Amino acid sequence: MNLSTGLQGKGIVKGKGIVKGKGLGLVAWLAGILFFLPIAWMTLTSFHSEEDAATNPPSLAASLTLDGYRDFFGAGGGASPWPALINSTVASVVSTICVLLLALPAAYALSIRRVRKWTDVLFFFLSTKMLPVVAGLLPIYLFAKNTGMLDNIWLLVILYTSMNLPIAVWMMQSFLAEVPKAVIEAAQIDGARLPVILARVVAPIALPGIAATALICFIFSWNELLFARVLTGVVASTAPVFLTGFITSQGLFLAKVCAASLVISLPVLAAGFAAQDKLVQGLSLGAVK
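Residues numbered from 1 in each chain as written. Predicted model: local features only at pLDDT ≥ 70, side-chain atom pairs only at ≥ 80, totals over all residues. Heavy atoms only, no water.

## A short note on the overall build of the protein
Scanning the protein from N- to C-terminus turns up 14 helices and two strands. Buried positions account for 34% of the 289 residues belonging to the protein. Across the protein, the fraction of contacts at a sequence separation of at least 24, relative to all contacts at a separation of at least 6, is 76%. Here the protein has roughly 17300 Å² of accessible surface; of this, 71% comes from carbon and sulfur atoms. (Helix = DSSP H or I, 4+ residues; strand = E, 2+ residues; numbered from the N terminus. Buried < 20%, exposed > 50% of the residue type's maximum accessible area, 1.4 Å probe, protein only. Contact = heavy atoms within 4.5 Å. Areas by Shrake-Rupley, 256 points an atom, 1.4 Å probe, with all protein chains shown as cover.)

Structural data, given as structure tokens:
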């Protein structure tokens, strides 16, 4: 009787666990669909004409057209988006590479070969993110004006590198803390120097964390608008600045804005999709011992 009762109790607990798991799965699906709906709606609106996109309530059965994309790419005589897209690509990719090259040795010194008062160093990096971005806008503008770097893409590269470096060091410090020290000591016994250890031992082991850090830095750089809006004009204008140009005194061209937003979002979505396995591994690194 006791054995039977115990088996029944285990079955009830197991059944409750299955029901709870299915319930959480359903909630996760509903949350995912809820977050996906605005993107789906933006995509559908981008294929509508301006007249159909401006109707209230909007029509799902409206005819589809590529006029919004043609206007975005300058087929109607407007400005071409390619210079802005190239500028965003250069600023985001180059600044992300610079961040990784600087953050990897810094995170190594703060996690594996810890320097004195390494916690104070981490707090200093974090404190740099507490300054409101607007507070540093005027000094940076005056510096760029006096040095002749206004409307220069390399100024954005320097700014994005300095802005993303603190968060990159914080992230990579936690990732590199999971690297087995025995592997590094073995490489040192074999005569490997620090650059070789970082490139051939630490980097391959911490690759998921490095990929997650690179993706986040790329997204932050690609989406940055304030500095790009104030410090650039024509030559170094980026994709977010180009996107704001569609909001004019003549009105809001909804279909064109949706088409432009979708095209500008594609590089970030593609990067996230390509690195999704590394991103999940990197963000969960160290969560389970």
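## Some words on the packing of helix H9 (residues 194-205) against helix H10 (residues 207-223)
The contact between H9 and H10 brings their axes to 4 Å, and the two run at 80 degrees. Between H9 and H10, the angle falls in the class roughly perpendicular. Along its contact with H9, which presents Ala 203, Pro 204 and Ile 205, the element H10 presents Leu 207, Pro 208 and Ile 210. (Axes fitted to C-alpha atoms, helices over the stretch in contact; angles between N-to-C directions. Parallel < 35°, antiparallel > 145°, perpendicular 65-115°, else oblique.)

## Thoughts on the environment of Ala 192
Relative to the assigned elements, Ala 192 resides in the loop between helix H8 (181-189) and H9. Residue class for Ala 192 comes out partly exposed when judged on its relative accessible area of 25%. Apart from residues lying up to four places away in sequence, Ala 192 is in contact with Ala 187 and Ile 197.

## Focus: a nonpolar patch on the surface
A surface patch of nonpolar side chains, amounting to about 580 Å² of accessible area, comprises Phe 123, Leu 126, Met 130, Ile 167, Trp 170 and Phe 220. For the nonpolar patch, the secondary structure elements donating two or more residues are helix H5 (118-127) and helix H7 (153-176). Considering the arrangement of structural elements, one finds Trp 170 in helix H7. For Trp 170, a relative accessible area of 32% puts it in the partly exposed group. (Patch = residues over 30% accessible without salt bridge, like charges linked within 9 Å, V, L, I, M, F, W, Y side chains within 5 Å. Salt bridge = Lys/Arg side-chain N within 4 Å of Asp/Glu carboxyl O.)

## Quick notes on the pattern of salt bridges
Enumeration over the complete set of coordinates arrives at one salt bridge. Here Arg 70 ties to Asp 67 by a salt bridge, and the two come within 2.8 Å at their closest N and O atoms. Here the residue Arg 70 and the residue Asp 67 both occupy positions in helix H3 (residues 67-72), the gap between them amounting to three residues, near one helical turn. Residue Arg 70 is classed as partly exposed on the basis of its relative accessible area of 44%.

## So, the packing of H7 against H10
Closest axis-to-axis distance for the H7/H10 pair is 10 Å, and the angle between their directions is 155 degrees. Judged on the interaxial angle alone, H10 and H7 are roughly antiparallel. Crossing of H7 against H10: the hand is right-handed. Facing H7, whose interface residues are Tyr 160, Asn 164, Ala 168, Met 171, Met 172 and Phe 175, H10 presents Gly 209, Ile 210, Ala 212, Thr 213, Ile 216, Cys 217, Phe 220 and Ser 221. Split into classes, the residues belonging to the contact of H7 with H10 amount to 10 nonpolar, four polar and no charged. (Left-handed = near helix turned anticlockwise from the far one by under 90°. Nonpolar A, V, L, I, M, F, W, Y, C, P; charged D, E, K, R; others polar.)

## Some details on the nonpolar core
Residues Leu 176, Ile 184 and Val 202 are the most contacted members of the largest nonpolar core, which totals 29 residues. Beyond its immediate sequence surroundings of up to four residues, Leu 176 is in contact with Leu 104, Ala 107, Tyr 108, Ser 111, Ile 112, Val 202 and Ala 206. Counting 16 residues, the second largest nonpolar core, distinct from the first, contains Tyr 69, Trp 222, Ala 259 and Val 268. (Core = buried A, V, L, I, M, F, W, Y, C linked by side-chain atoms within 4.5 Å.)

## With respect to H9
Taking 1.5 Å of rise per residue, 12 residues should cover 16 Å, and H9 covers 15 Å from first to last C-alpha, within 8% of that figure. Of all the residues in H9, the buried ones are Ile 197, Leu 198, Val 201, Val 202 and Ala 203. (Expected span 1.5 Å × (residues − 1).)

## Comments concerning H7
Compared with an ideal rise of 1.5 Å per residue, which puts 24 residues at 34 Å, H7 spans 32 Å between its outermost C-alpha atoms and is within 8% of the ideal. Most pronounced at Leu 165, the bend in H7 amounts to some 40 degrees, and the proline Pro 166 follows within four residues. Buried residues dominate H7, accounting for 17 of its 24 residues. For H7, the N-terminal capping position is held by Asn 152, with its side-chain oxygen 2.9 Å away from the main-chain nitrogen of Trp 154. (Bend = angle between axes of the 7 residues up to and from the residue. Polar contact = N/O pair within 3.5 Å; in protein donor to acceptor, adjacent residues only side chain to side chain.)

## Observations regarding the packing of aromatic side chains
The geometry of an aromatic ring pair is captured by the separation of the ring centres together with the interplanar angle, meaning the angle of the planes. Counted by the stated rule, this structure contains five aromatic pairs. An angle of 70 degrees between the planes, with centres 4.9 Å apart, marks the rings of Phe 72 and Phe 73 as edge-to-face. Taking the relative accessible area as the measure of exposure, Phe 73 reaches 34% and is therefore partly exposed. (Phe/Tyr/Trp six-rings, centres within 6.5 Å; stacked < 30°, edge-to-face > 60°.)

## Topic: the environment of Ala 211
Relative to the assigned elements, Ala 211 resides in helix H10. Measuring from C-alpha to C-alpha, the distance between Ala 211 and Ala 275 comes to 7.0 Å, with 64 residues separating the pair along the chain.

## A few points about the side chain of Thr 213
Secondary-structure assignment places Thr 213 in helix H10. At 2.8 Å, the side chain of Thr 213 forms a polar contact with the backbone oxygen of Gly 209.

## Remarks on unusual backbone geometry
For Asp 151, which is not glycine, the phi dihedral falls at a positive 60 degrees. Note that Asp 151 resides in the loop between helix H6 (137-146) and H7. The class for Asp 151 is partly exposed, based on a relative accessible area of 23%.

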